[in-house]
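Geometric and topological summary
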Amino acid sequence: MTQTVKETAVASPDTVDRAGSTPEELQPFAELGLLEDEYQRIRDILDRRPTQSELAMYSIMWSEHCSYKSSKVHLKQFSEKAPKNERLLAGIGENAGVIQISDELAVTFKVESHNHPSFVEPYQGAATGVGGIVRDILAMGARPIAVMDPLRFGDAEHPDTKRVLPGVVAGVGGYGNCLGLPNIGGEVVFDPCYQGNPLVNALSIGVLPVDRLQKKEATGAGNIVVLLGAKTGRDGIGGVSVLASATFDDGSEQRRPSVQVGDPFMEKLLIESCLELYDAGLVVGIQDLGGAGLTCALTETAAAATAGMRVWLERVPLREPSMDPHEILASESQERMLLIVAPEKLDEVLKIADKWGVLATAIGEVTDGDRLVITWNDHTVVDVPPGSLVDDGPVYNRPMREPADLILLRADRAETLPRPVGPDALRETVLRMIASPNLCDKTWVTEQYDRYVLGNTVLAQPEDAGVLRIDEQTGLGVALSVDGNGRYARLDPYNGAKLALAEAYRNVAVAGGKPISVTNCLNFGSPEDPTVMWQFAEAVRGLADGCQELGIAVSGGNVSFYNQTGAAAIHPTPVVGVLGLIDDVATRVPIGFTPSAHPEGDLVFLLGETRNELSGSEWAWVTHGHLGGEPPRVDLGREKSLAEVLAEAARVGHLTAAHDLSDGGLIQTLVESSLRRGVGVKIELPEEFTAGSMPFVYLFSESAGRVVVAVPRGHETAFTALCDEHGLPWAAIGTTEAAGDAVEITGQFSIPLDELREAHTGTLPRLFGGAASFPGPSEAAAVAAGASEAPAASGDPVVVVGDDSAPDSEAPAEEGLPAATADSTQAEPSSEDGIAAPAAE
Amino acid sequence: MRIGVVTFPGSLDDGDAARAVRLAGAEAVRLWHADPDLHGVDAVVLPGGFSYGDYLRCGAIARFSAAMESIIDAAKGGLPVLGICNGFQILCEAHLLPGALTRNQHLHFRNRDQWLKVESTSTAWTGTFTDGQEILIPVKNGEGCYVADQRTLDELEAEGRVVARYIRGNPNGSQRDIAAITNERGNVVGIMPHPEHAVEALTGPSLDGLGLFASVLAHLAGKSAAVPA
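Residues numbered from 1 in each chain as written. Chains lettered and ligands numbered in written order. Predicted model: local features only at pLDDT ≥ 70, side-chain atom pairs only at ≥ 80, totals over all residues. Heavy atoms only, no water.

**Considerations on the overall build of chain A**
The condition that has to hold: Helix and strand definitions here come from DSSP, where helices need a minimum of 4 consecutive H or I residues and strands a minimum of 2 consecutive E residues; each element is numbered from the N-terminal end. Accessibility here uses a 1.4 Å probe with only protein chains present; expressed as a share of the type maximum, an area under 20% marks a residue as buried, one over 50% as exposed, and anything in between as partly exposed. Whether two residues are in contact is decided by their heavy atoms: any pair within 4.5 Å suffices.
Scanning chain A from N- to C-terminus turns up 29 helices and 28 strands. Here chain A, with 841 residues, has 67% of them falling under the buried criterion. When contacts within chain A are restricted to residue pairs at least 6 apart in sequence, long-range pairs at least 24 apart make up 87% of them.

**Focus on the overall build of chain B**
What counts, and what does not: Per-residue accessibility takes into account occlusion by the displayed protein chains alone, with areas from the Shrake-Rupley method and a 1.4 Å probe.
In terms of regular secondary structure, chain B is built from five helices and eleven strands. Burial statistics for chain B: of 229 residues in total, 66% are counted as buried. Put simply, of all contacts in chain B between residues at least 6 apart along the chain, 72% involve residues at least 24 apart. With an accessible surface of roughly 7200 Å², chain B has 52% of that area assigned to carbon and sulfur atoms.

**What about empty space enclosed by the protein?**
Residue and element names in this part refer to chain A. The line we're drawing: Points on a 1 Å grid, built from protein atoms alone, make a cavity when a 1.4 Å probe fits but cannot get out and make a pocket when they are open with protein on both sides within 12 Å along at least 5 of 7 lines; residues with an atom within 4 Å of a point are the lining residues. Grid points are joined across faces, edges and corners, and a volume is the space filled by probe spheres set on the points.
Summed over all chains, the structure comprises nine cavities of 30 Å³ or more. Roughly 90 Å³ of volume is contained in the largest cavity. Forming the walls of the largest cavity are Asn-485, Tyr-488, Leu-499, Ala-500, Glu-503, Arg-506, Leu-661, Ser-662, Asp-663, Glu-702 and Ala-704. Sort the elements by how many residues they give to the lining of the largest cavity and helix 20 (residues 493-510) lands first, with four residues.

**Let's talk about the pairing of strand 26 (residues 730-737) of chain A**
All names here are of chain A. For the record, the criterion: By the convention used here, strands pair only if DSSP detects at least 2 bridges between them.
Pairing of strand 22 (residues 603-607) with strand 26 involves five bridges; the strand directions are antiparallel. From the neighbouring strand, Phe-605 faces strand 26, where its bridge partner is Ala-732. Pairing analysis gives four bridges linking strand 24 (residues 680-683) to strand 26, with the strands arranged antiparallel. Note on strand 26: the bridge partner recorded for Val-681 is Thr-736.

**Comments concerning the sheet that holds strand 6 (residues 199-209) of chain A**
Residue and element names in this part refer to chain A. Rules: Each axis is a line fitted through C-alpha atoms, taken for helices only over the stretch in contact, and angles between the N-to-C directions span 0 to 180 degrees.
Pairing within the open sheet is mixed, and its six strands lie in the order 1-2-3-6-4-5. A single partner strand is all that each edge strand has here, and the edge strands are strand 1 (88-90) and strand 5 (183-190). Looking at each pair of strands side by side, their axes are set apart by 20° on average, direction ignored. The pairing of strand 4 (residues 143-153) with strand 5 spans six bridges and is parallel. Looking at strand 5, one finds that Val-147 is bridged to Asn-183. Docked against the sheet, helix 9 (residues 159-179) engages strand 4, strand 5 and strand 6, running at close to 175° with respect to strand 4.

**Points about the side chain of Asn-170 of chain B**
Residue and element names in this part refer to chain B. As a reminder, the rule being used: Within 3.5 Å is the distance limit for a polar contact, defined as a pair of N or O atoms, with the added protein rule that one can donate a hydrogen and the other accept it, and that residues adjacent in sequence qualify only through two side-chain atoms.
By the secondary structure assignment, Asn-170 is in the loop between strand 9 (162-167) and strand 10 (178-182). Asn-170 gets classed as buried once you look at its relative accessible area, which sits at 0%. Engagement of the side chain of Asn-170 in a polar contact is seen with the backbone nitrogen of Asn-172, the distance being 3.1 Å. A polar atom in the side chain of Asn-170 sits 2.8 Å from the side chain of Asp-177.

**Description of the sheet that holds strand 2 (residues 27-32) of chain B**
Residues and elements named next belong to chain B. Ordered in space as 2-1-3-4-11-10-9-6-7, the nine strands form an open sheet in which the pairing is mixed. Sheet topology places strand 2 and strand 7 (134-141) at the edges, where each strand pairs with a single neighbour. With direction set aside, neighbouring strand axes in the sheet form an average angle of 25°. Sheet analysis places strand 4 (residues 81-84) next to strand 11 (residues 188-191), joined by four bridges and oriented parallel. Bridged to Leu-82 within strand 11 is Val-189.

**Considering helix 8 (residues 122-139) of chain A**
Residues and elements named next belong to chain A. This is how the line gets drawn: In this scheme, a helix's expected span is set at 1.5 Å multiplied by one less than its residue total.
Over its 18 residues, helix 8 runs 26 Å from end to end, which matches the ideal 26 Å to within 8%, given 1.5 Å per residue. Taken across its 18 residues, helix 8 has 18 buried, putting it largely inside the fold. Near the N-terminus of helix 8, the side chain that reaches the backbone nitrogen of Tyr-123, with its oxygen 3.1 Å away, is that of Glu-121.

**Side note on the packing of aromatic side chains**
Worth spelling out the cut-off: Note on aromatic contacts: the rings of Phe and Tyr and the six-membered ring of Trp form a pair at centre separations within 6.5 Å, being stacked when their planes are under 30 degrees apart, edge-to-face when over 60 apart, and tilted otherwise. Charge-over-ring placement is defined geometrically: NZ (Lys) or CZ (Arg) within 6 Å of the ring centre, and within 35 degrees of the ring normal.
On inspection of all chains with the given rule, the structure shows 16 aromatic pairs over all chains. Between Phe-689 of chain A and Tyr-698 of chain A the ring centres are 4.6 Å apart and the planes differ by 40°, which places this aromatic pair in the tilted class. Note on accessibility: Phe-689 of chain A and Tyr-698 of chain A belong to one class, buried. Ring centres of Phe-88 of chain B and Tyr-146 of chain B lie 6.0 Å apart, and the angle between their planes is 15°; this geometry places the pair in the stacked category. In this pair, Phe-88 of chain B is assigned in helix 3 (residues 86-93) and Tyr-146 of chain B in strand 8 (residues 145-147), connecting sequence segments 58 residues apart. Looking at Tyr-146 of chain B, the relative accessible area reads 0%, which means it is buried. Among the aromatic residues, ring-to-ring pairing joins Phe-153, Phe-190, Trp-444 and Phe-768 of chain A into one connected group. The cationic tip of Arg-163 of chain A hangs over the ring face of Phe-119 of chain A; the distance from NZ or CZ to the ring centre is 5.2 Å.

**A look at the confidence of the model for chain A**
Fine structural detail should not be taken from predicted coordinates in areas where pLDDT scores are low. All names here are of chain A. Our working rule: Summary of the metric used: pLDDT quantifies the predictor's per-residue confidence within the range 0 to 100.
Chain-level pLDDT for chain A is 88 on average; 87% of the residues reach the 70-or-more range. Note on residues 239-257: pLDDT under 50 across the span, and 59 contacts to partners over four residues away in sequence or across chains. Low pLDDT, under 50, characterises residues 771-841; the predicted model gives this stretch 277 contacts beyond four residues in sequence or across chains.

**A word on unusual backbone geometry**
Note the cis peptide between Gln-461 of chain A and Pro-462 of chain A, where omega equals 5°. Counting through the fold element by element, Pro-462 of chain A comes out in the loop between strand 14 (457-459) and strand 15 (466-469). Unusually for a residue other than glycine, Cys-85 of chain B sits at a positive phi of about 60°. Note on placement: Cys-85 of chain B falls in the loop between strand 4 and helix 3. Residues other than glycine seldom take positive phi values, yet Leu-107 of chain B does so here, at roughly 70°. Residue placement: Leu-107 of chain B occurs in the loop between strand 5 (100-102) and strand 6 (110-118).

**Side note on the environment of Ala-142 of chain A**
Residues and elements named next belong to chain A. On the secondary structure map, Ala-142 appears in the loop between helix 8 and strand 4. With relative accessibility at 0%, the residue Ala-142 sits in the buried group. Separated by 66 residues in sequence, Ala-142 and Leu-208 have C-alpha atoms that sit 4.5 Å apart. Discounting residues that sit within four places of it in the chain, Ala-142 has contacts with Thr-108, Ile-137, Gly-206, Val-207, Leu-208, Arg-212 and Leu-275.

**A short note on helix 3 of chain B**
All names here are of chain B. Counting buried residues in helix 3 gives eight out of eight residues, a clear majority hidden from the surface. Among all positions in helix 3, only Asn-86, Gly-87, Phe-88, Gln-89, Ile-90, Leu-91, Cys-92 and Glu-93 are buried. In the segment just after helix 3, His-95 is the residue with positive phi, at about 60°.

**A word on the environment of Ile-178 of chain B**
Residues and elements named next belong to chain B. Residue position: Ile-178 is located in strand 10. Through-space distance from the C-alpha of Ile-178 to that of Ile-167 is 9.6 Å; in sequence the pair is eleven residues apart. Apart from the residues lying within four places of it in its own chain, the contact partners of Ile-178 are Tyr-146, Leu-153, Val-162, Ala-164, Arg-165 and Tyr-166.

Below, the structure is given as structure tokens:
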């Protein structure tokens, strides 16, 4: 489409005057993704045809990605149903929600998607996804302190997964590691529904003194508009508007050069310079540049302040001098921020930028009135009311219809499938399940992420939640978990969203956190498909209701539509992040059983109730390729009492370990808790689960609202009394075996930890290559010999993205974020030119 | 005692190194890459990170910074200098240490808790360890594969300048499992794993990393009692 526009370009740009005098000139609005009546509305607003630059701007800002035109009517439930929250300093509609955690401190966190770019160019797509969410956090005035990455791929055995996964993982690591942000958790999920549409979501959290909270309003006529950071290039132009409405087909190979390329070093300098500017009190307003680039940042900052703005576009530092004005406005070059500063502070701002080696350029000023006027070499190319781009976009209440196959799908229950019965069959099933791609050990992935940098990581993957120390003096900290289950949501989007919320909430509680806020990334197919729209509406309703029941609120998030290849949409995949508070991180509870002080081990309890719930389970999928029935029942009242019990038990020191039950059921939890620190466990099946296939049900059911805890002897009476007080069912099911080295289910099987470990850890290295380790010292000579012949490739790029100057600059685009009352926030697809990725630390 | 921690653009573990210095009982002095003044510090730590983005060879640009010019001179005069990860790479680029750190053999960034065996306790940074002591500290790098020509490796071995080796698995393919080396004088040490991430029970796999910082303080205390470096 960019090409179409270029072909119509003339030697001098399309100016406002020219637009006024050539009302009949044909414009490529349809190619830009605008409908006929949307185009007419632009003409009505301007009382003339838009210039080429204006048309580009409207098409971007009114795209699904930026305007939330299909999701807005549903997302407002997040605000309407939200309980009052005095901690919330900034919420939906801002770059990220900000939650106060002490008298002096606040945290801000949000999850976003970067799905489409990551399919086209896995390394850079994932890398710039991290970069984008980190800038959102930075724009709130916070220092980013960690990232998490919920990732979903196609079938683990599929050849294309071997292309996508290693690139995505290296990209998440390459960018986050180079920014110095610990990666503290996430998900790695495989399902064929994501084969053509991997989901690469990225979450970031930051911390700020409450009085450093930043605004995006461009207030104060005469204040200067400063562009900070990287130069502007031709990357990602048009991607947001056009490709946000496109699905993948055979042409995506040609789009590769247009995916934005990240420069994490520049972003690191941008972070440090912005923080220094905040602390010096030099910033009136700030907005990051992501999807829709300058267009979005200029219109949003001006609209937020109901101010006008005057911009001299030729002042924007360019990577490619031949760029046209509309290209400069649409560019998604990465690592840029827009600042509003008082004129008398400009010199100080430039000095700090110079200290960090970051480019800072005054490109405009805030004006009275309500027009955004942009000139390019004395030609007026834009003259619009900024609010018309931000707030007056189209809103659709799209048709919705329950998928026709849903009744049949839900009738096809996994509870009727043949089950393994008897010790041998159960043992074999256990070993098969813990080695399956979704349940196996993810060290192959997480070893590529720095979890230690900044020195405040108290828990990280594979723990249930990431736990960060915020205040070194008091021990105040946060726990974060991010979860989703597309299969559950496919079977029941309303309860599937609630189940995702319940799991993240539970994971935070398990680690010892009190849940206080929610973020979400809603990954769905095309909103133009009524059945997808129904799934979306149901999921939003479920999440909003769930938050209301739990008494916590969504503070921000992101919607990603058009996740489909051809007619096949992904499973509806709401991914939910929950933030919890821990008064003293020293009380956090890890998942691993620990060597007990008592010779007979700690006592193991199962909290919650186990039902015959196998539909949508990992077992049904792995052993039968089955997806049908109804997902596990969700009881948020139970989740709440579970969380209360866990928080209190952690605080008083009743627990040496706690681990949530989810995919894979009880046995998965026991195996993970045992392998974590090499401490075995011996379990007695309750009477009612001993006959027939009931041992199987007990071990593999995915009933929600359950947690395994280890309680040191002497604490059991107080602990069970605490459970009783909260009406929480509990069962003493066994003991940890400090001296033992097996997971034993009495009367069924005993599997040595070594055998479990081998099964659990072998899968990803087998699929994606790379031995878990180099040979030990005895084989050192062989290693040394190999090394001397290996290319000493220090500084070699991991990925070099090819011809970046291709004219058909189409980045598959992307989403936006839930903006319930205004569409003033957006996601961050992103861009940058062809710099090799950093290879090492 | 005052121990300097240099911040280059792209340094990431500078805060962690400063914290480790404080926990060891010394004053951490932050040094800026563009400032040649070392502010009279008694020792210097070059922290981990990606200095100047490391888009060229790791450490290749940092080596020419104003602060490094001063540090190179001071190191030649006996100032204790510890290079961690990127700092080790910088020390090699500055030719204060021999050899080079190249891409991990498996080509992945790798972060894990790593066992090391301390093989030299006669450096400024390892005096409080015992010979052969096994310690657990995190390793995290993409270019941590130590390489040098055979003669250099043989010399390092013969002169007892291999300070620590990887045991129970070599995380990056380093020749002869080398994790840390020192210069002839023993005042400059480069180590690939991160001792500054093993200084608190709450956040690290052990407290073993503190030993390096405690060692340099003991070394400096001994030196102020007029023992030559």
